[in-house]
Each structure stands twice: as structure tokens, then as C-alpha cells.
Amino acid sequence: MKKIWQYASYNLLSLFSPAVGQEHWHCDMKRGFTKARKKELPVKTLLEQDTPWQKIGLLAQKGVYEFHRDTQLLDSSDGIERVAEIIQLNQESIEVQKRVTHSLENYHKTPILFGKNLIKLSRGDEGFPEPILLHQGNYSFNFFAAIDCIFLEPDGKLHILDLKTGKSEFDRRQGFIYLLAARYLYPKQPAVASFYNLETGHWSDPITATSVQLDAVQMELARISQQHQGDLRRYRQNPADFETIFPPNPGLPCQYCQFNSICQFSTFEVSA
């Protein structure tokens, strides 16, 4: 069987174009490091290290998973401490421990998934999901959608829930991508998507999409997949054009960029 190298996902979309209101944080060179230079040792080393905010999101999600793997922890007065021990929270920095503990306290107080008919709940560290092979005209590509949680509403509707941390606004494009995945994974069931922030306790309104809207999402994913493959080919043919193919946006984005220690355009001073 012929290997399909072309792909698209929400991660690729977000590396291509920022969410509304996040334009000032966007840097296309991050896509270059992440996708074009990921095998170079300095880049690979950085990619293998979770950033503090990545750790916070992952550990908070693991905490939710553990609460539902043993729901007695939700009723236990020491449930938060036991979950923190399971996820080895004491091995993390003080900042990570503080924010994840806050998320666990929030969830222990308001376990939004308790009593739900859960179809899927991920720990968050399962790796890449199985791809969905999509065809858009003569173009075929693998579509990846890493879904945190799916539960069944009383009316039979699928509810796809994405767990968040941090202060960023929810990106509705991600919700549409989940609904596109649901169209292929559960073709006979209507679905909605939403976001829940474990740190703030804010639950977004449900997101729905028509068939026409999902067709448009698929077309957009095919477009960025094709453009991305073209960028990768251009880089492989002429690596010296890296900053032209993946232009930098030095300034604010450098502050939280995981590549600021190796990027020649970074304006963030990395401590020795």
C-alpha cells in the first residue's frame, strides 16, 4: 500500500494561521522548526521537552482521567492528593504544581463529566490518533484529530469535549475540526463540540456545523496540507531559504517560544 505523507490537523492549521485575536503571537518560523527541521538534534531535543504550559495541560488532563478511572477519588477527601501522587506532580516545578493542583481542586469540586455516558476519555499522552484518510478532488491526505473526550447526550447526540488550561480564548476552528472527524468516525450520529477550561471552570457554548460548513473545513485542511507539503519540498531543495519559506515574527512570540534558544531571530534573552 502506498504511503500517504500528506496530512492535516488542527495543530498544522494553528501553525499556519493564528486564531482570531492571536495574530500578534503568531510566527511561521515555529512551523519550520516543528515540521521541517524536527530531525535536527537541537530541534529534536527541544521538541522532546514539554514546555511548562504543555505540562500543565497534560497533567491536568491526566488528573481528570484518573478521577474517572477511579471515581471514588471524586468522593474522597484526599482525592486531590492521591491523584497528584498518581500523576507524580511533585516532580514538577512549583509553578506547574500550583496550577495543576488548582485544576484538580476545581475538578474535584465540579466534576463535569461525572454521571455522563462516556464513550472516550483520553489521558492526553496516547500519541497520534489513527488517521482518517480524506479525499478532496484528486488530492488525498491523512487527517488527524486528537479528541480528549466524547460523551453521549441524553438525546443521543455525541458531545466532543476538549479540555483546556491557560488563558487563551477557545478557537472555534478546533471545534469544527472535531465535528469533521465525527462525521467520518460516527457518520450516523449528530454531534456537537465544546471546550472546558480546567483552570477557570469556563465551559464554552456548544458548537455545531452544517454539512456545507464541514465541507469548507475539509477544503481548507486540504489547501493547507498541499501548501505545507510544497513548503517542505522548497526547504529540502534549498535549506538556505529557511527564513524566507518560514518567515520569523520576532518580538512578543519569542517570549514563550520553545525555540528561542536556537532561533537567530529571537528577541528573547535566554539565561545561561
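All figures in this text were calculated on a predicted structure; none of them were measured in a lab.

**Section: the overall build of the protein**
Scanning the protein from terminus to terminus reveals 11 helices and 7 strands. Taken over C-alpha atoms, the radius of gyration comes to 20 Å for the protein, in line with the 19 Å a tight globule of 272 residues would show. On the principal axes, the C-alpha backbone points of the protein span a range of 60 × 55 × 40 Å. When each of the 272 residues of the protein is scored for burial, the buried share is 42%. Within the protein, residue pairs in contact and separated by at least 24 positions form 69% of the contacts whose partners lie at least 6 positions apart. In the protein, 30 side chains carry a positive charge and 31 a negative one; their mean positions are 7 Å apart.

**Here's the deal with the pairing of strand β3 (residues 132–136)**
In this sheet, strand β4 (residues 139–144) lies alongside β3 in antiparallel orientation, the contact comprising 5 bridges. Looking at β4, one finds that H135 is bridged to S140. Here β3 folds back onto β4 in antiparallel fashion, the turn holding 2 residues, of which G137 has a positive phi close to 65°.

**A word on the sheet that holds strand β6 (residues 158–164)**
Pairing is mixed in the open sheet, where 4 strands are placed in the order β2-β5-β6-β7. At either margin of the open sheet sits one strand with a lone partner, and together these are β2 (117–121) and β7 (191–197). Across the sheet, the mean angle separating the axes of adjacent strands is 25° when strand polarity is ignored. With 4 bridges joining them, strand β5 (residues 149–152) and β6 adopt antiparallel strand pairing. What sits directly across from F151, in β6, is H159. Sheet strands touched by helix α4 (residues 52–69): β2 and β6. Its angle to β2, the strand with the most contacts, is close to 135°. On the sheet, helix α8 (residues 172–185) packs against β6 and β7 and is oriented at approximately 140° with respect to β7.

**Describing the pattern of salt bridges**
Throughout the structure, instances matching the rule amount to 16 salt bridges. As a salt-bridge pair, K62 and D125 come within 3.5 Å of each other at their nearest N and O atoms. With a gap of 63 residues between them, K62 in helix α4 and D125 in the loop between β2 and β3 connect regions that are remote in the sequence. The class of K62 is partly exposed, set by a relative accessible area of 22%. D125 gets classed as partly exposed once you look at its relative accessible area, which sits at 34%. The salt bridge partner of D162 is K164, with a shortest N-O separation of 3.0 Å. Residue classification places K164 among the partly exposed residues on the basis of a relative accessible area of 22%. A single network of salt bridges, built from pairs that share partners, joins D28, R31, D231 and R234.

Quick notes on the rules
Residues numbered from 1 in each chain as written. Predicted model: local features only at pLDDT ≥ 70, side-chain atom pairs only at ≥ 80, totals over all residues. Heavy atoms only, no water. Helix = DSSP H or I, 4+ residues; strand = E, 2+ residues; numbered from the N terminus. Rg over C-alpha atoms; globule rule 2.2 N^0.38 Å. Buried < 20%, exposed > 50% of the residue type's maximum accessible area, 1.4 Å probe, protein only. Contact = heavy atoms within 4.5 Å. Lys, Arg positive; Asp, Glu negative; His and termini not counted. Charge placed at Lys NZ, Arg CZ, Asp CG, Glu CD. Pairing = 2+ DSSP bridges. Axes fitted to C-alpha atoms, helices over the stretch in contact; angles between N-to-C directions. Salt bridge = Lys/Arg side-chain N within 4 Å of Asp/Glu carboxyl O.

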